[in-house]
Structure formats: C-alpha cells, structure tokens
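One-letter residues, chain by chain:
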Amino acid sequence: MNTKRWLVGGAAGVMLAVASAPADQIVNGGFESGGFNGWTYSGNPASSVMPGVLARDPLHGGTQAPLDGEWDPAEGVLFAALWSTDSQGGGGATLSTQFSALAGQALEFDYFFDYGDFNPYFDWARGDLTGPGGLTALFAHNTSDSNRLADDANVDWTHIVLVLPADGVYTLTFATDDADGTFESILGIDGVFVTPSPAGAMVFAAGALILRRRR
Ligand SMILES: [Ca+2]
Ligand SMILES: [Ca+2]
Ligand SMILES: [Ca+2]
C-alpha cells in the first residue's frame, strides 16, 4: 500500500495536550449497518450503501483508479456511494452528521470521487467541516479553476486526518452535484471516525493539520 502523506495547512506549531481516547463519537461511520442511519441524507435516490460499484470510466477506464474497474470499501464490507446524476432519478446528494469532540482528537475518513462527466461540464464533490472555529474545507473537486479534474478522471480512495482545534460540536457534510443533467459521478465515503490524535502528531494552534494518504 502506498503511504504517501502530505501536510496541508497549519499555522505556528504549538503542541497541545492530547485528549484521552473517547468511545466512537460518530454513529455508523463505516456504513456497516447497511444504511444511512446516524446520518442525514438528501438528494438523489440512486445513492446507497453498498459493497461495490463499477467505475464510471466509459472512455478512459484503463489508466484510472480503481485498476480492477470496481470501487470496493476502504473499511469493512460496505461504503456510502453518493450519486450525482439526473439519469438515475435526479439531482445531487448531500450526506451530513453531527458529533461532539475534544480539542486534539482527530476526524478521519476515506473518500473517492469518480468524475463521470467531462469539461466544460463540472459535476463537483466536496467535504466540509463546520465547528467552533468555523469552516474547514476537507476536499473539493471541480469547485474552482484550481481543482478541475480531467474528463472522467477518478480520485482514488484518499485518507484524510484532521486534528480538531477545539472542544465543541461539529457538523460534517459531504456533497456532490450534477452539472449537466447526465453523465453521472460518484462520491464514495467510508471509515468516518473520531480517534485519539495520531501518535506523535503535532497539533497546530489553528487546528489545520490535515494528513492525506493515497491508498
Ligand atoms: Ca465500511
Ligand atoms: Ca470517472
Ligand atoms: Ca454530469
């Protein structure tokens, strides 16, 4: 497994005390229940919790992740597949949950984005966290000129770790939408957990420590 990591963001490096490990604070974060319980879902009825789905690579499948042509779970046996298409029943998809956490704990999850559209159409996907410190963008694709994907491109399962900056209530939202009314895209989500701060991780005063790992 490739374990490349990137450090994104962060202000002055101030070490904070790491909170003690809590019980799991996100209900059904791995979607192993087989449904969206613990989450609020709205949008396309094609979205579901599933064991796998064929990649949307009608033209460019050979060189894009997943190399076997099917998205499999990043954690356990099921993951959330959020669909963005009119051809499957209409519109985009939004999945959100709320949780409480302590400063120094980490939000972790995996996502993929299978862009099934092409330029200049731009089905988009994003993950955002709002909390005591405001809004943190966790990932974004096709939301601006700086994060445009190539036609039909796939962003492989990517692991995100965000060390939370403050005690409080957080709202985590994943969303995707369809730009053109056809050529569906899929946003995959799995393994959403609040964990003790990563061993040895330096907690930044601004709370903007994000580690990413391509699987
Ligand atoms: Ca899972
Ligand atoms: Ca694709
Ligand atoms: Ca589309």
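Look up a bit, the structure's there.
Predicted model, so just to flag it, every value in this text is computed and none were measured.

Engineer: If you had to explain the coordination of the calcium ion (ligand 3) to someone new, which residues and values would you point to?
Structural biologist: The protein atoms that coordinate the calcium ion (ligand 3) are D117 (OD), D123 (OD), D123 (OD), D178 (OD), D180 (OD), T182 (O) and F183 (O), at distances of 2.2 to 2.7 Å. Taken in sequence order, the residues that donate to the calcium ion (ligand 3) follow the motif D-x5-D-x54-D-x1-D-x1-T-F. Judged by its relative accessible area of 30%, T182 falls in the partly exposed class.

Engineer: Go over the environment of F36, please, and point to the residues and values.
Structural biologist: The residue F36 is located in the loop between β1 (5–8) and β2 (40–43) in this model. The class for F36 is buried, based on a relative accessible area of 17%. Sequence separation between F36 and V49 is 13 residues; the distance between their C-alpha atoms is 7.3 Å. Each residue touching F36, except ones within four places of it in the same chain, is listed here: N28, F31, Y41, S47, S48, V49, A80, L82 and L95.

Engineer: Please provide a residue-by-residue account of the coordination of the calcium ion (ligand 1), values included.
Structural biologist: Around a metal, the perfect tetrahedron of four donors has angles of 109.5 degrees, and the perfect octahedron of six donors has angles of 90 or 180 degrees. Coordination sphere of the calcium ion (ligand 1), protein contribution only: G30 (O), E32 (OE), E75 (O), E75 (OE), L78 (O), D190 (OD) and D190 (OD), at 2.2 to 3.0 Å. Residue E75 is classed as partly exposed on the basis of its relative accessible area, which comes to 24%. Exposure remark for L78: the relative accessible area of 16% places this residue in the buried category.

Engineer: Describe the environment of F174, naming the residues involved and giving the relevant values.
Structural biologist: Tracing the backbone through its elements, the reader meets F174 in strand β12 (residues 168–177). According to the relative accessible area criterion, F174 is buried, its value standing at 0%. Residues F174 and F139, spaced 35 residues apart in sequence, show a C-alpha to C-alpha distance of 9.4 Å. Not counting the four nearest positions on each side in its chain, F174 is found in contact with W39, L82, A93, T94, L95, F109, R126, G127, F139, L187, I189 and V192.

Engineer: Please give an account of the sheet that holds strand β10 (residues 134–141) that cites residues and values.
Structural biologist: With respect to topology, 5 strands assemble into an open sheet ordered β2-β7-β12-β9-β10, the strand pairing being antiparallel. Only two strands of the sheet have a single neighbouring strand rather than two, namely β2 and β10. Across the sheet, the axes of successive neighbouring strands diverge by a mean angle of 15 degrees, strand direction being ignored. As judged from the 7 bridges shared by strand β9 (residues 124–131) and β12, these two strands associate in the antiparallel manner. Along β12, the bridge assignment pairs G127 with F174.

Engineer: Outline the pairing of β10, supporting the account with residue identities and numerical values.
Structural biologist: By the bridge criterion, 7 bridges tie β9 to β10 in an arrangement that is antiparallel. The residue bridging D128 from the neighbouring strand is A137, located in β10. Adjacent in sequence and paired antiparallel, β9 and β10 are bridged by 2 residues.

Quick notes on the rules
- Residues numbered from 1 in each chain as written.
- Chains lettered and ligands numbered in written order.
- Predicted model: local features only at pLDDT ≥ 70, side-chain atom pairs only at ≥ 80, totals over all residues.
- Heavy atoms only, no water.
- Donors = N, O, S within 2.8 Å, 3.2 Å for Na, K, Ca; no water.
- Buried < 20%, exposed > 50% of the residue type's maximum accessible area, 1.4 Å probe, protein only.
- Helix = DSSP H or I, 4+ residues; strand = E, 2+ residues; numbered from the N terminus.
- Contact = heavy atoms within 4.5 Å.
- Pairing = 2+ DSSP bridges.
- Axes fitted to C-alpha atoms, helices over the stretch in contact; angles between N-to-C directions.

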